[in-house]
Amino acid sequence: MTASSRDAILSRVRHAIGGRVHDEARREVVAMRLAEAPAGVIPARGQRPRAELLELFCTMAGRASASVTRIAGYDGVPEAVAEWLRAANLPATLRLGADPRLAALDFSATALQLSHGASSGDDLNGLSHADGGIAETGTLMLLSGADNPTSLNFLPENHIVLVHADDVVGDMEALWPRLRARFGKGLMPRSVNFVTGPSRSADIEQTLLLGAHGPRALHVILIGD
Amino acid sequence: MQITSHTFKANGVKALADVDLQRALGHVEKGFIEKRQMAVDALPEFDALRDRAVAIKTHVLKHLDLYLETYAKAVEAAGGTVHWAEDADHARRIVLDIARRRNAKTVTKGKTMISEEIGLNAFLEENGITPIETDLGEYIIQLRGEHPSHIIAPAVHVNRDQVEADFRRVHVDLAPDRDLTEPVLLLAEARQMLRQAYGKADIGITGANFLVAETGTSVIVTNEGNGDLTQLLGKCHVVLASIEKIVPTLEDLSQILRVLARSATGQEMSVYTTLSTGPRRSDDPDGPEEYHVVLLDNGRSNMLGTEFEEMLRCIRCGACMNHCPVYHAVGGHSYGWVYPGPMGAVLTPSLIGVDKAGHLPNASTFCGRCESVCPMKIPLPKLMRHWREKEFESHLQPRAQRWGLGVWAFFATRPRLYRLATSFVVPLLSRLAGSRRRFASLPLAEGWTQWRDLPAPEGRTFMQQWAETNGGEDLV
């Protein structure tokens, strides 16, 4: 059923656009387009020197209702996390994945109770490491896998995300060559999550409310300058 | 769902008299228009990006067969399954087969208009499977037994106090005296109810804003995070998407995302843009065990290569209805099916037939606001006009209307006769109007005067006045 439906749909489409089954010229056009992956129109906003780019990233994340802390290096992460939780009057618990960059952190000087793995849904605070940041919109890019389980992006009430300054780029288009270099052309991790601020809804009388189904608060820690 | 597009006029009359609805519709005009404008003004490249987005989609439609093949191959390479669905019935059966095989009892759903288009919820219920909508707006209207009245704000026709009443009626296990006076409390209650649903669901169904051919990826754009929890926590993820959702590459996706978020909600970027490729990998600690895509045609391939092909560029942002004076007046339900507003006025006749939906393309003054805000530059008024022509050619209008148009056409194609006739009628109407200079009723014009007065013409026709001011020089 499905195989013949596939042929029927494709043949109707082909007929409507006047293409033949073995239309080599068209195949070449499509193959070229996929291979070249032209970037298109890139807004000027994100095209600036590194220091300004990082500033822009923080400003835009703030406009999307995320909070941002900047620290010099990974040494400062445990204290920055503990400090934010304290200031927000939240319990000192933290759920995180197996990311080596997180595993290398020394939380012993803090009172934080750590637990590891995917979220079961009753975690209050989650910690993830992003693999990219987009300055144009203050967006984080998180990749699925054991290092940073996707459920940590959505289930905890509060989500703390680390991003390194080297991974912050001007625009979304600039992230794709990096991803292709890491996973191979045409290949993707199961889930690529772009996150811009905490979850929200305006479904009741167009009133914007934070904390719909995902985290109520998003805290970004930008490492390095 | 029951299609009521053929009773659009009666639906509209009812909507205009509905006090609750009129109050709710005020939020559309206030909420969306200003936010979109601010977001557009903040991005100097917005128009260039629109042109780019149009070029991308036009290119895809020219080679849609090849991109669909490429996309399907990539989905399968990532361990997913592609199902090709000819029509609504076929798509429903595909979903049911998956559900039966997995012995599914409960299905959670992220927002998907394709699900509405194929009437999936009612069908699942008939077959003993419980669908649970997880988008706050969709959840509200599911409780109310209604359908979305807007493609991105499904419950925009509902007021806060109505939501409160529905929650009290349905969530009977919660304390009856709890405080639900603020929208934030309603949101918290929905969050609490739905949190229990995600993990229990056997299947999570979402739509797709885009399908990326290069990688076999489906993309959803949400603010709540419900679509993400739906596809992440269900044991099996089913994506419902129509064939025109394809973009070639990740770069193309990035380009169109910029115009989508701004046109839809006036955001720079939606909170969650999620790219899904295949099922859970061997070392993934979470994610669905199975990943299916149902690729729906349902009449779209018949639009390719016709005057309605441009409609297939639509990215379902809702800007056209947010800016439509007719939508503002009558709301989405009046349109009688899944797609309301100007985009619905073009798409609905294409998908269910102009014989059932002929009123919709007529419900426009052609003010052109929809086209001016459409991020994909779809010439919506032109396409509505095409439907009017087709309707006339197929003799679908009422006799009186066809007769009236025929009379008008007779005179309009004979300018001298037209001028002669109007030079009699205009002064006559002017005299009959009396000192009020308006008609409260007029034979043959009840369609107009039933709702508002008809202003009386001034004493002379335009051509007569023109001739005078030009020293009697005849222009035609």
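The coordinates are above.
Residues numbered from 1 in each chain as written. Chains lettered and ligands numbered in written order. Predicted model: local features only at pLDDT ≥ 70, side-chain atom pairs only at ≥ 80, totals over all residues. Heavy atoms only, no water.

K.L.:
Is there a simple way to think about the interface of chain A and chain B in this case?
P.N.:
The accessible area lost on association of the parts is a frequent measure of interface size. Listed per partner, the contact involves 77 residues of chain A and 97 residues of chain B. Across the interface of chain A and chain B, roughly 7400 Å² is buried in total on both sides, 58% from carbon and sulfur atoms. Along the contact surface separating chain A from chain B lie 16 salt bridges. Among the salt bridges present, the one from B:E251 reaches A:R180, with a minimum N-O distance of 2.7 Å. Summed over the shared surface of chain A and chain B, the number is 49 residue pairs in polar contact (both at pLDDT 80 or more). Going through the elements one at a time, α1 (2-16), α2 (24-36), α6 (151-154), α7 (175-183), β9 (191-195), β10 (200-201) and β11 (209-210) of chain A are the ones with two or more residues in the side of chain A that touches chain B. The leading source of residues in the side of chain A that touches chain B is α1(A), at 10 residues. Its residues assigned to classes, the side of chain A that touches chain B comprises 38 nonpolar, 21 polar and 18 charged. (Contact = heavy atoms within 4.5 Å. Buried area = accessible area lost by both parts, 1.4 Å probe. Salt bridge = Lys/Arg side-chain N within 4 Å of Asp/Glu carboxyl O. Polar contact = N/O pair within 3.5 Å; in protein donor to acceptor, adjacent residues only side chain to side chain. Helix = DSSP H or I, 4+ residues; strand = E, 2+ residues; numbered from the N terminus. Nonpolar A, V, L, I, M, F, W, Y, C, P; charged D, E, K, R; others polar.)

K.L.:
Which parts of the structure should I look at to understand a nonpolar patch on the surface?
P.N.:
On the surface, B:F410, B:L417, B:L420, B:F424 and B:V425 cluster together into a nonpolar patch covering about 470 Å² of accessible area. Tracing the sequence through the fold places B:F410 in helix α20 (residues 399-412). (Patch = residues over 30% accessible without salt bridge, like charges linked within 9 Å, V, L, I, M, F, W, Y side chains within 5 Å. Areas by Shrake-Rupley, 256 points an atom, 1.4 Å probe, with all protein chains shown as cover.)

K.L.:
Honestly, the side chain of B:S301 in this entry has me stumped. Any pointers?
P.N.:
Secondary-structure assignment places B:S301 in the loop between β10 (290-296) and α13 (319-322). At 2.6 Å, the side chain of B:S301 forms a polar contact with the side chain of B:D297. With residues near it in sequence (within four places) discarded, B:S301 still touches A:R12, A:V13, A:A16 and B:I243.

K.L.:
Sorry if this is basic, but what is going on with the environment of A:S108 here?
P.N.:
All names here are of chain A. Among the secondary structure elements, S108 is positioned in the loop between α5 (100-103) and β3 (113-116). Residue S108 is classed as exposed on the basis of its relative accessible area, which comes to 61%. On a C-alpha basis, the gap between S108 and E28 in space is 58 Å, while along the polypeptide they are 80 residues apart. A distance of 2.6 Å separates a polar atom in the side chain of S108 from a polar atom in the side chain of D106. (Buried < 20%, exposed > 50% of the residue type's maximum accessible area, 1.4 Å probe, protein only.)

K.L.:
Where do I start with the sheet that holds strand β2 (residues 106-109) of chain B in this structure?
P.N.:
Two pairing modes exist for strands in a sheet, parallel and antiparallel, and in both the strands are linked by backbone hydrogen bonds. Residue and element names in this part refer to chain B. Reading across from one edge, β1-β10-β7-β4-β2-β3 is the order of the six strands in this open sheet, with parallel pairing throughout. Each edge of the open sheet carries a strand with a single partner, namely β1 (81-85) and β3 (130-133). For this sheet the average axis-to-axis angle between neighbouring strands, irrespective of direction, equals 25 degrees. Strands β2, β4 (203-206) and β7 (236-242) of the sheet are contacted by helix α11 (residues 226-233), whose axis makes an angle of about 140 degrees with β4. (Pairing = 2+ DSSP bridges. Axes fitted to C-alpha atoms, helices over the stretch in contact; angles between N-to-C directions.)

K.L.:
I tried to follow the pairing of strand β4 (residues 125-129) of chain A on my own but got confused; where do I start?
P.N.:
Along a regular strand, successive side chains alternate from one face of the sheet to the other. Residue and element names in this part refer to chain A. Buried residues dominate β4, accounting for five of its five residues. With burial as the criterion, each face of β4 is covered, one bearing N125, L127 and H129 and the other bearing G126 and S128. With two bridges joining them, strand β2 (residues 93-96) and β4 adopt parallel strand pairing. From the neighbouring strand, R95 faces β4, where its bridge partner is G126. Relative to strand β7 (residues 158-164), β4 runs parallel, the two being bridged by five bridges. For S128, the partnering residue across the bridge sits in β7 and is V161.

K.L.:
Quick question: what am I supposed to make of the sheet that holds strand β12 (residues 217-223) of chain A here?
P.N.:
Residues and elements named next belong to chain A. Strand order in this open sheet of six strands is β1-β12-β7-β4-β2-β3, and the pairing throughout is parallel. The open sheet has two edge strands, β1 (67-71) and β3, and neither has a second partner. Averaged over all pairs of adjacent strands, the angle between strand axes in this sheet comes to 25 degrees, irrespective of strand direction. The strands touched by helix α3 (residues 50-63) within the sheet are β1, β7 and β12, with β1 carrying the most contacts at an inclination of about 155 degrees.

K.L.:
How should I be thinking about the pattern of salt bridges in this particular structure?
P.N.:
Close approach of charged atoms allows side chains with opposite charge to pair. Taken as a whole and judged by the stated rule, the model has 54 salt bridges over all chains. A salt bridge links A:R101 to A:D131, with the shortest nitrogen-to-oxygen separation between them at 3.3 Å. Here A:D131 lies in the loop between β4 and β5 (132-134) and A:R101 lies in helix α5, a separation of 30 residues in the sequence. Across the pair B:E290 and B:R102 runs a salt bridge whose closest N-O atoms are separated by 2.5 Å.

K.L.:
Even after reading the chapter, I still don't get the packing of aromatic side chains, so can you show me in this structure?
P.N.:
For any pair of aromatic rings, geometry is given as the distance between the ring centres together with the angle between the planes. Residues and elements named next belong to chain B. A complete count under the given rule lists nine aromatic pairs over all chains for this structure. Between Y139 and F167, the aromatic rings sit 6.0 Å apart at their centres with planes inclined by 70 degrees, giving edge-to-face as the arrangement. Separated by 28 residues along the polypeptide, Y139 in helix α8 (residues 136-144) and F167 in helix α9 (residues 160-170) bring together distant segments of the chain. Among the residues examined, Y139 registers a relative accessible area of 7% and is labelled buried. (Phe/Tyr/Trp six-rings, centres within 6.5 Å; stacked < 30°, edge-to-face > 60°.)

K.L.:
Mind showing me how you'd approach the packing of α2(A) against helix α4 (residues 64-77) of chain B here?
P.N.:
Angle between the axes and distance between the axes: these two values describe a pair of packed helices. At a closest axis distance of 10 Å, the pairing of α2(A) and α4(B) adopts a crossing angle of 55 degrees. Our classification of the angle between α2(A) and α4(B) gives oblique. Handedness of the α2(A)/α4(B) crossing: right-handed. Mapping the contact onto sequence places A:R26, A:R27, A:V30, A:R33 and A:L34 in α2(A) and B:D65, B:L66, B:Y67, B:E69 and B:T70 in α4(B). In the contact of α2(A) with α4(B), the residues fall into four nonpolar, one polar and five charged. (Parallel < 35°, antiparallel > 145°, perpendicular 65-115°, else oblique. Left-handed = near helix turned anticlockwise from the far one by under 90°.)

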